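Topology and contacts: notes
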Amino acid sequence: MGGKESDVVLLDEKGIRCDGRTVNQTRKVTIKAGVLKNADGSAYIEFGDNKIIAGVFGPRDVHPKHLANTDTGIIRCRYHMSPFSVTERKHPAPSRREIEIGKVLKEALKPALILDKFPRTVVDVFLEVLQADGGSRCAALAAASVALADAGIPMRDMVSACAAGKVADTIILDVNNEEDQAGQADMPVGYMPNLEKVTLFQLDGVLTPDEYKKCLETAIIGCKQVYEIQKKAIKDKFFGDGENQ
Ligand code: ADP
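Residues numbered from 1 in each chain as written. Predicted model: local features only at pLDDT ≥ 70, side-chain atom pairs only at ≥ 80, totals over all residues. Heavy atoms only, no water.

What to know about the overall build of the protein chain
As a reminder, the rule being used: Put simply, DSSP H or I for four residues or longer makes a helix, DSSP E for two residues or longer makes a strand, and each gets a number counted from the N terminus. We take the radius of gyration over the C-alpha atoms and set the globule estimate at 2.2 Å times the residue count to the 0.38 power. Only protein chains enter the accessibility calculation, which uses a 1.4 Å probe. A residue is then buried if its area is under 20% of the maximum for its type, exposed if over 50%, and partly exposed in between. Contacts are residue-level and defined by heavy atoms, with any inter-residue pair within 4.5 Å sufficient.
In terms of regular secondary structure, the protein chain is built from four helices and 10 strands. Reading the secondary structure of the protein chain in the N-to-C direction produces β-β-β-β-α-β-α-β-β-α-β-β-β-α. Expected size for 245 residues packed as a compact globule is a radius of gyration near 18 Å; at 18 Å, the protein chain falls within 12% of this value. Along the first, second and third principal axes, the C-alpha set of the protein chain runs to 55 × 40 × 35 Å. Residues classed as buried in the protein chain amount to 46% of the 245 residues present. A sequence separation of at least 24 residues applies to 66% of the contacts in the protein chain between residues at least 6 apart.

Here it is in structure tokens:
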């Protein structure tokens with residue numbers, strides 16, 4: 001959310017956005033579970049033009065050992081953008097932004113996980129962004145949840161994720177990169193639909209109290225839609241869609 005002046009019409013007079021969507025429409029989301037042979041659980045997500053692979057390893061021994069907790073398992077999360085994931089080459093070393101996103105995603109996943117049966121172990125979640133187009137942390141979070149379920153990690157619920165935001169003084173669902181750069185607000189949300197609990201909440205931009213409420217409600221509607229696609233990915237993996245068998 002840069003709030004920069006832009007030549008792009010973010011919302012036309014018919015209520016159509018720069019990528020042809022209506023205000024309440026998410027981008028196309030597809031998820032496939034179990035895409036990596038060497039991971040305990042994995043998932044590939046396309047969330048619009050975001051393309052992300054999630055790999056889960058564990059529960060396994062913690063290295064370095066001093067990080068181990070004798071009462072419970074722990075989770076670590078690495079979010080990494082490939083050098084070719086954005087238009088300008090991104091330096092492969094982890095940036096401050098990637099480290100921050102890894103941390104918020106870890107915090108967003110933690111409430112869903114039941115790790116007390118795995119003391120002294122770690123569950124490692126690796127998120128590799130192959131292509132980013134705004135909303136990559138939400139896409140990564142949704143993929144991570146599916147990969148954790150694929151790995152058989154006990155969970156209270158799957159965390160789903162979707163952003164909402166504001167362009168042209170209007171609340172919109174699922175902010176793309178252009179809307180993020182030139183729009184007025186971006187609110188990524190992680191949500192556990194069965195438990196009705198928000199696990200990720202960030203806001204870049206300024207909203208009135210009414211807009212804030214509407215934006216959060218809109219993001220949660222998006223999360224519920226993404227949740228259905230996450231569940232289908234798991235069902236397809238374990239009960240078969242004819243392709244994953
Ligand atoms: P999110 O992807 O979760 O929306 P940000 O709001 O930080 O996270 O980033 C928005 C978008 O900006 C990203 O999805 C990506 O398309 C683009 N972006 C992020 N980092 C870079 C970078 N280093 N170079 C170019 N574009 C970037």
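Focus on the packing of aromatic side chains
Put simply, the rule reads: Only Phe, Tyr and Trp rings are paired, with Trp represented by its six-membered ring, and only when their centres lie within 6.5 Å; those with planes under 30 degrees apart are stacked, over 60 edge-to-face, the remainder tilted.
Tallied over the full model, the rule gives two aromatic pairs. With centroids separated by 5.7 Å and ring planes inclined at 80°, the aromatic side chains of F57 and F126 adopt a geometry described as edge-to-face. Of this pair, F57 sits in strand β3 (residues 50–61) while F126 sits in strand β5 (residues 121–131), and the two are 69 residues apart along the sequence. For F57, a relative accessible area of 22% translates into the label partly exposed. Ring centres of F201 and Y212 lie 5.7 Å apart, and the angle between their planes is 55°; this geometry places the pair in the tilted category. Residue F201 is located in strand β9 (residues 197–201), and its partner Y212 is located in helix α4 (residues 209–239); the two are separated by 11 residues in the primary sequence. By relative accessible area, which is 33% here, F201 ends up partly exposed. The exposure class of Y212 is partly exposed, given its relative accessible area of 36%.

So, the site of the ligand
To be explicit about the condition: Residues are classed as near a molecule or strand on a simple rule: at least one heavy atom within 4 Å of it. Nitrogen and oxygen atoms within 3.5 Å of one another constitute a polar contact, given that in protein one can donate a hydrogen and the other can accept it, and given that sequence-neighbouring residues count only through two side-chain atoms. Under the convention used here, a 1.4 Å probe and the Shrake-Rupley method define accessible areas, while residue burial counts only the protein chains that appear. Residue polarity follows a fixed list, in which Ala, Val, Leu, Ile, Met, Phe, Trp, Tyr, Cys and Pro are nonpolar, Asp, Glu, Lys and Arg are charged, and the others, Gly among them, are polar.
Not every one of the 13 residues close to the ligand is listed here, only the nearest: R97, G134, G135, S136 and R137. One of the backbone N or O atoms of A132 is found 3.4 Å from an oxygen atom in the ligand. Within the contact set of the ligand, an oxygen atom lies 2.7 Å away from a backbone nitrogen or oxygen of G134. For the ligand, whose free accessible area comes to 540 Å², the fraction covered by protein is 75%. By residue number, the principal contributor to the shell around the ligand is helix α3 (residues 177–182), which donates three residues. A class-by-class count of the residues in the shell around the ligand yields three nonpolar, five polar and five charged.

Let's talk about the pairing of strand β7 (residues 170–173)
In summary, the side chains of a regular strand alternate between the two faces of the sheet. Applied cut-off: Here, any two strands with at least 2 DSSP bridges between them count as paired.
Across four bridges, strand β6 (residues 160–167) lies against β7 in antiparallel orientation. Residue pairing in the sheet places A164 in a bridge with L173 of β7. Hairpin connection of β6 to β7: two residues between the antiparallel strands, including A168 at a positive phi of 45°.

Considering the packing of helix α1 (residues 96–109) against helix α2 (residues 136–150)
Two packed helices can be described by the angle between their axes and the distance between those axes. Put simply, the test is: Between N-to-C directions, angles cover 0 to 180 degrees, with each direction set by a line fitted to C-alpha atoms, over the stretch in contact for helices. These descriptions rest on fixed angle ranges, namely under 35 degrees for roughly parallel, over 145 for roughly antiparallel, 65 to 115 for roughly perpendicular, and the rest for oblique. Two helices that cross are described as forming a left-handed crossing if the nearer one is turned anticlockwise from the farther one by less than a right angle, and a right-handed crossing if clockwise.
Viewed as axis vectors pointing N to C, α1 and α2 meet at an angle of 45°, and their least axial separation amounts to 10 Å. Between α1 and α2, the angle falls in the class oblique. Note that α1 runs across α2; the crossing there is right-handed. On α2, the residues that touch R97, E100, I101, L105, A108 and L109 of α1 are S136, R137, A140, L141, A144, S145 and L148. Broken down by class, the residue content of the contact of α1 with α2 amounts to eight nonpolar, two polar and three charged.

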